[in-house]
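Fold and contact review
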Amino acid sequence: MTTTDNDSTSDLVSGRTREVLRRLELDVTQRLDGLLHGDHRGLVPGHGSELGETRRYSPGDDVRRIDWNVTARLSEAHIRQTIAERELETWLVLDRSPRLDFGSARHEKRELVLAAAAATGFLTNRDGNRIGAMLAGRGAPTIVPAKGSRKHLLHILHTIATAPRGDGAGVTDLGAALAQLGSVAKRRGLVVVVSDFRVADGWQTPLRILTSKHDVLAVEVVDPLELALPNVGPLPVTDPATGEIVEIPTQKKKVREAYAAAAEARRLELANTFRTNRVDHLTLHTDTEWLDDLVRFIGARRHRLAALAGGR
């Protein structure tokens, strides 16, 4: 495990990186902050997690908050109130595999990793909220401890933006990173996992364990060439994680159909994993505008939460 910090105040960001981060902050604060009205509830449910006193059940209360022990003892339905936490602790788990250096459209996948981290950070890093990061590759993950300042957030984003290409070569051990995060993130909060999820198997169980304590959002980054192949004849492709070169005969219709079917099956399996583990799932595409994808996700999520609250 490698831990980094940002005690130095000089030369935090410079040149092109400074401009990239400034533009990301403007995009988030001007477009998304207005949508959320300065609140982080578009990303995480609003109830606190600390147990408070009980009170008599009233029509419209969340039935999931009924304290059945108290209800049985008093022969009348009571709910357990929660105390809202004043601070939100957010952890970013970021895939730094060389696969993320790829992009066949308007963005590279690594740009979407940075965008997702920036959106999460600028929306949640306020009012004493803390944010930390774990950069996962083939070896031990790099951990940036959770702190609450804007300078610290910029340090995290600078670390992501300036990561060398090919850093962490090999298949990302996301499962090990998620398992380690469980011991690092002590207090209940928000965990945002950003990856293409083309990683070593075994990450599903640690993810499920995290959801028992944290609200978890999975941000999947996808390139159109990972979903369907164009008909361009023999196409040599290199796996950046392993260096293996494979020539795909894209001129063959059956090959293109089999590729698309396998991609669809993988996406359905991934979506089912997130759904069964109650993990929110946001997909960012390299051929679309990531802000539009994020706005639609937040709007749909808030609408879903409101509908659930209204139906109780």
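All values derive from a computational prediction rather than experimental measurement.

Judged by nonpolar contacts, the single largest core of 40 residues is most densely connected at Leu 157 and Trp 290. It is helix 3 (residues 109-124) that provides the largest number of residues to this core, a total of ten residues. Residue contacts for Leu 157: discarding those within four places in its chain leaves Leu 21, Leu 114, Ala 117, Ala 118 and Phe 122. Within the second largest apolar cluster, 23 residues are counted, among which are Ile 143, Ala 177, Val 193 and Val 279.

Let us look at the packing of aromatic side chains. Counted under the stated rule, the structure contains three aromatic pairs. Seen in terms of ring centroids, Phe 197 and Trp 203 are 5.3 Å apart; in terms of plane orientation they differ by 45 degrees. Their pairing is tilted. Across this residue pair, the class does not change: Phe 197 and Trp 203 are buried. Summarising the aromatic geometry, the rings of Phe 197 and Phe 274 are spaced 5.2 Å apart at their centres and angled 70 degrees between planes, so their arrangement reads as edge-to-face.

We now examine the confidence of the model for the protein chain. Across the protein chain, the average pLDDT comes to 82, with 81% of residues at 70 or higher. The spread of mean pLDDT over the elements of the protein chain runs between strand 1 (residues 2-3), the lowest at 62, and helix 7 (residues 253-276), the highest at 96. Below a pLDDT of 50 lies the segment residues 7-13, which in the model reaches twelve contacts outside its immediate sequence neighbourhood of four places, other chains included. Here residues 45-50 is modelled with pLDDT under 50, and outside its nearest four sequence neighbours on either side it reaches 16 contacts, counting other chains as well.

With seven of its eight residues buried, strand 8 (residues 215-222) lies for the most part within the structure. With six bridges connecting them, strand 7 (residues 190-195) and strand 8 associate as parallel partners. By the bridge assignment, Val 192 is partnered in strand 8 with Leu 217. This β-α-β element, strand 7 to helix 6 (residues 204-211) to strand 8, shows right-handed connectivity.

Leave glycine aside and you will find that most residues have negative phi; peptide bonds, for their part, are mostly trans. A positive phi angle, near 60 degrees, is found at Phe 197, a position not held by glycine. Residue placement: Phe 197 occurs in the loop between strand 7 and helix 6. Residue class for Phe 197 comes out buried when judged on its relative accessible area of 6%. Even without being a glycine, Arg 278 presents a positive backbone phi close to 55 degrees. Of note, Arg 278 is situated in the loop between helix 7 and strand 11 (280-285).

The rules behind these values
Residues numbered from 1 in each chain as written. Predicted model: local features only at pLDDT ≥ 70, side-chain atom pairs only at ≥ 80, totals over all residues. Heavy atoms only, no water. Core = buried A, V, L, I, M, F, W, Y, C linked by side-chain atoms within 4.5 Å. Buried < 20%, exposed > 50% of the residue type's maximum accessible area, 1.4 Å probe, protein only. Helix = DSSP H or I, 4+ residues; strand = E, 2+ residues; numbered from the N terminus. Contact = heavy atoms within 4.5 Å. Phe/Tyr/Trp six-rings, centres within 6.5 Å; stacked < 30°, edge-to-face > 60°. pLDDT = per-residue confidence, 0-100. Pairing = 2+ DSSP bridges. Right-handed = clockwise from strand over helix to strand, strands pointing away.

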